Amino acid sequence: MTTLQSDPTGGPADRPLRVALLGCGVVGSAVARLLTEHASDLTARVGRPLELAGIAVRRTNIDRPGIDPALFTTDADELVARDDVDLVVEVIGGIEPARTLILSAIANGASVVTANKALLAEDGPRLFEAAETAGVDLYYEAAVAGAIPIIRPLRESLVGDDITTVMGIVNGTTNFILDKMHTEGSSFDDVLAEAQALGYAEADPTADVEGFDAAAKAAILAGLAFHSRVTAADVHREGITEISSADIAAAKLMDCTVKALAICTSEEVEGERRISVRTHPAMIPNSHPLASVGGAYNAVVVESTNAGRLMFYGPGAGGDPTASAVMGDLVTIARNRVRGAAGPGESAYAQRPVMGMGEVVTRYFISLEVIDQPGVLATVAASFAEHGVSVQTMRQEALHRAEDGGARLVLVTHSAPESALGATVDALANLSEVHEVLSVMRVEGE
Ligand SMILES: NC(=O)c1ccc[n+]([C@@H]2O[C@H](COP(=O)([O-])OP(=O)(O)OC[C@H]3O[C@@H](n4cnc5c(N)ncnc54)[C@H](O)[C@@H]3O)[C@@H](O)[C@H]2O)c1
Ligand SMILES: N[C@@H](CCO)C(=O)O
Ligand code: NA
């Protein structure tokens with residue numbers, strides 16, 4: 001190992017870099033194990049040994065095989081404030097105490113790795129400013145799409161390009177659930193329990209199934225892609241709890257798949273660049289690259305002016321895959337520390353305004369049960385026309401239950417502002433000729 005001439009951290013140039021690990025759950029325990037198992041390779045890659053200074057846990061009396069019990073402490077505040085801590089890994093999750101601990105680590109001169117999308121999407125700018133002021137790193141590859149490198153590509157590799165769209169499957173739990181509902185006809189509750197047992201789900205699975213997790217990730221992606229500050233509150237969020245087997249069946253009939261998507265776009269509106277950020281379930285054609293992303297896998301498609309369409313695919317959740325991203329960040333910030341440098345900070349100079357959902361242009365799939373009699377089609381078509389929504393395809397199916405005396409209409413619209421589509425659906429529901437609006441879903445991806 002080369003001995004450094006100078007050491008920006010103050011101590012002897014060959015002393016180990018000391019790592020404080022906050023949290024020892026699914027991700028933290030994998031990080032602790034990798035730090036131990038790969039110690040000699042990590043030393044070679046960083047140029048100095050990485051040494052665990054301590055692991056903050058809630059309870060010390062739990063058996064955690066392969067980890068030295070002497071490392072455990074329940075006093076995370078004391079651990080991050082220790083003089084000999086150079087690097088802090090936060091894998092507790094949630095807003096507090098994670099935020100206070102990260103801020104105090106930064107104030108203490110440590111560089112930080114976090115997997116905490118909830119915190120970054122709520123209060124990222126405060127953390128980035130603190131890191132900038134202290135001249136330390138704040139890295140967070142694991143926060144979006146687990147093991148998949150997507151933060152680094154947006155922050156570094158594509159920073160010279162003009163990104164127009166980021167669209168992805170960024171929640172493993174909901175992709176796992178929708179995939180099983182699609183392929184095996186499983187019930188929502190059974191598949192959720194399986195996803196939790198496999199370590200994909202958040203501690204409170206509401207964050208997954210109601211779209212909070214994906215919304216946080218969408219905010220982070222949009223902020224990076226469009227050089228703007230975007231918080232979770234800017235994201236239009238819909239979860240997957242309302243997805244029924246009828247929706248899944250309708251998608252199959254359309255040669256589509258239902259996926260929970262995070263969609264970030266930047267477009268020219270009234271002479272200025274505006275962005276939209278949303279997460280919701282949508283039908284995508286089976287020919288679209290995201291349609292074949294199964295199980296707990298994640299994938300993110302990035303479109304930019306010069307690179308064209310790029311796709312990033314891989315495991316988006318689970319202890320070891322997420323720990324891989326954390327370890328990548330840890331080695332990077334350790335290398336920076338050895339060189340006395342810091343990586344890129346926040347880039348939010350563009351500050352593009354975020355569009356309201358009503359302005360966003362999408363397509364709808366609508367399935368209706370209507371009275372089967374002359375003139376009904378014309379009435380339904382008039383409702384679309386009144387709201388300026390153009391119908392792309394329409395199909396009528398006879399209902400099999402003779403007593404219904406009705407028919408099913410299945411329509412797909414052309415692109416239209418979301419407000420016009422919503423108003424059309426409301427108007428359709430109020431028509432006496434319409435028994436029921438069976439299914440409404442956005443259609444994304446060509
Ligand atoms: N599990 C995944 O697949 C995954 C993927 C990407 C990102 N993440 C993120 O990684 C972070 C950790 O996720 P996880 O799945 O490991 O969660 P987890 O619930 O398994 O682990 C969190 C641990 O932190 C501990 N903890 C809570 N408060 C603490 C405190 N004050 N001091 C010390 N320990 C405390 C908990 O007891 C728990 O063991 C979260 O931000 C999560 O969003 C998880
Ligand atoms: N609960 C998240 C973990 C990764 O952030 C998921 O299912 O994708
Ligand atoms: Na990632």
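Residues numbered from 1 in each chain as written. Chains lettered and ligands numbered in written order. Predicted model: local features only at pLDDT ≥ 70, side-chain atom pairs only at ≥ 80, totals over all residues. Heavy atoms only, no water.

Draft legend 1. Examining the overall build of the protein more closely. Summing up its helical and strand segments, the protein has 14 helices and 17 strands in all. Relative to the globule expectation of 22 Å for 446 residues, the C-alpha radius of gyration of the protein, 25 Å, shows essentially globular dimensions. Once the C-alpha set of the protein is aligned to its principal axes, its extents read approximately 90 × 50 × 35 Å. Expressed as a percentage of contacts within the protein between residues at least 6 apart in sequence, the contacts between residues at least 24 apart total 74%. (Helix = DSSP H or I, 4+ residues; strand = E, 2+ residues; numbered from the N terminus. Rg over C-alpha atoms; globule rule 2.2 N^0.38 Å. Contact = heavy atoms within 4.5 Å.)

Draft legend 2. Layout of a nonpolar patch on the surface. A surface patch of nonpolar side chains, about 300 Å² in accessible area, is lined by Tyr-297, Met-311 and Tyr-313. With respect to the element layout, Met-311 can be found in strand S12 (residues 308–315). (Patch = residues over 30% accessible without salt bridge, like charges linked within 9 Å, V, L, I, M, F, W, Y side chains within 5 Å. Areas by Shrake-Rupley, 256 points an atom, 1.4 Å probe, with all protein chains shown as cover. Salt bridge = Lys/Arg side-chain N within 4 Å of Asp/Glu carboxyl O.)

Draft legend 3. Representation of the coordination of the sodium ion (ligand 3) in the model. Bound to the sodium ion (ligand 3) are the protein donor atoms Glu-141 (O), Glu-141 (OE), Val-144 (O), Gly-146 (O) and Ile-148 (O), situated 2.4 to 2.6 Å from the metal. In primary sequence terms, the donor set of the sodium ion (ligand 3) follows E-x2-V-x1-G-x1-I. Each member of the pair, Glu-141 as well as Val-144, is classed as buried. (Donors = N, O, S within 2.8 Å, 3.2 Å for Na, K, Ca; no water. Buried < 20%, exposed > 50% of the residue type's maximum accessible area, 1.4 Å probe, protein only.)

Draft legend 4. Local environment of the site of ligand 2. Around ligand 2, the neighbouring residues are Lys-117, Asn-171, Gly-172, Thr-173, Tyr-200, Ala-201, Glu-202, Asp-208, Asp-213, Lys-217, Gly-316 and Ala-317. Asp-208 places a polar side-chain atom, nitrogen or oxygen, 2.7 Å from a nitrogen atom of ligand 2. Here an oxygen atom of ligand 2 sits 2.7 Å away from a polar atom, N or O, in the side chain of Lys-217. For the shell around ligand 2, the secondary-structure elements that each account for two or more residues are helix H7 (172–184) and helix H10 (212–226). Each residue belonging to the shell around ligand 2 can be placed in one class, and the counts come to 3 nonpolar, 4 polar and 5 charged. (Near = heavy atom within 4 Å. Polar contact = N/O pair within 3.5 Å; in protein donor to acceptor, adjacent residues only side chain to side chain. Nonpolar A, V, L, I, M, F, W, Y, C, P; charged D, E, K, R; others polar.)

Draft legend 5. Seen up close, the nonpolar core. Grouped together as the largest cluster of nonpolar side chains are 57 residues, with contacts concentrated most on Val-88, Val-144, Ile-150, Leu-154 and Val-302. Of all the elements, H10 adds the most residues to this core, at 11 residues. Once residues lying within four places of it in the same chain are set aside, the contact partners of Val-302 are Ile-150, Leu-154, Leu-158, Ile-163, Thr-165, Val-166, Gly-308, Arg-309, Leu-310 and Phe-312. Leu-50, Val-113, Leu-330 and Val-331 belong to the second-largest nonpolar core, a separate cluster that totals 35 residues. (Core = buried A, V, L, I, M, F, W, Y, C linked by side-chain atoms within 4.5 Å.)

Draft legend 6. Up close: the domain arrangement of the protein. Along its sequence, the protein is carved into domain 1 (17–146 + 320–339), domain 2 (156–316) and domain 3 (360–443). Contacts between domain 2 and domain 3 engage 14 residues on the former and 13 residues on the latter. Summing both partners gives a buried area of about 1,100 Å² for domain 2 against domain 3, and 65% of it is carried by carbon and sulfur. In this structure, the connection of domain 2 to domain 3 is made through 1 salt bridge. In this structure, the salt-bridge partner of Glu-238 is Arg-442, at a minimum N-O distance of 2.8 Å. Across the domain 2-domain 3 interface, the total number found is 3 residue pairs in polar contact (both at pLDDT 80 or more). Contributions of two or more residues to the side of domain 2 that touches domain 3 are made by helix H11 (245–253) and strand S10 (272–285). (Domains from an automatic or database assignment. Buried area = accessible area lost by both parts, 1.4 Å probe.)

Draft legend 7. Spatial organisation of the sheet that holds strand S6 (residues 138–139). The 6 strands lie next to each other as S3-S2-S1-S4-S5-S6, forming an open sheet whose pairing is parallel. Each edge of the sheet is formed by a strand with only one pairing partner; in this case those strands are strand S3 (72–73) and S6. (Pairing = 2+ DSSP bridges.)

Draft legend 8. Fine view of H10. Given a rise of 1.5 Å per residue, 15 residues ought to cover 21 Å, and the 21 Å separating the end C-alpha atoms of H10 matches this to within 8%. Burial within H10 is extensive, with 14 of its 15 residues counted as buried. Downstream of H10 by a residue or two, His-227 has a phi angle that is positive, lying close to 50°. (Expected span 1.5 Å × (residues − 1).)

Draft legend 9. Representation of the side chain of His-280. Its location among the elements puts His-280 in strand S10. Contact partners of His-280, with chain neighbours within four places excluded, come to Glu-238, Lys-259, Ala-260, Leu-261, Ile-263, Met-357, Arg-442 and Glu-444.

Draft legend 10. Structural context of the side chain of Thr-114. Examined against the element boundaries, Thr-114 turns out to sit in strand S5 (residues 111–114). Here the side chain of Thr-114 touches Glu-90 through a polar contact of 2.5 Å, side chain to side chain. Apart from residues lying up to four places away in sequence, Thr-114 is in contact with Glu-90, Ile-102, Leu-120, Leu-138, Tyr-139, Tyr-140 and Ala-143.

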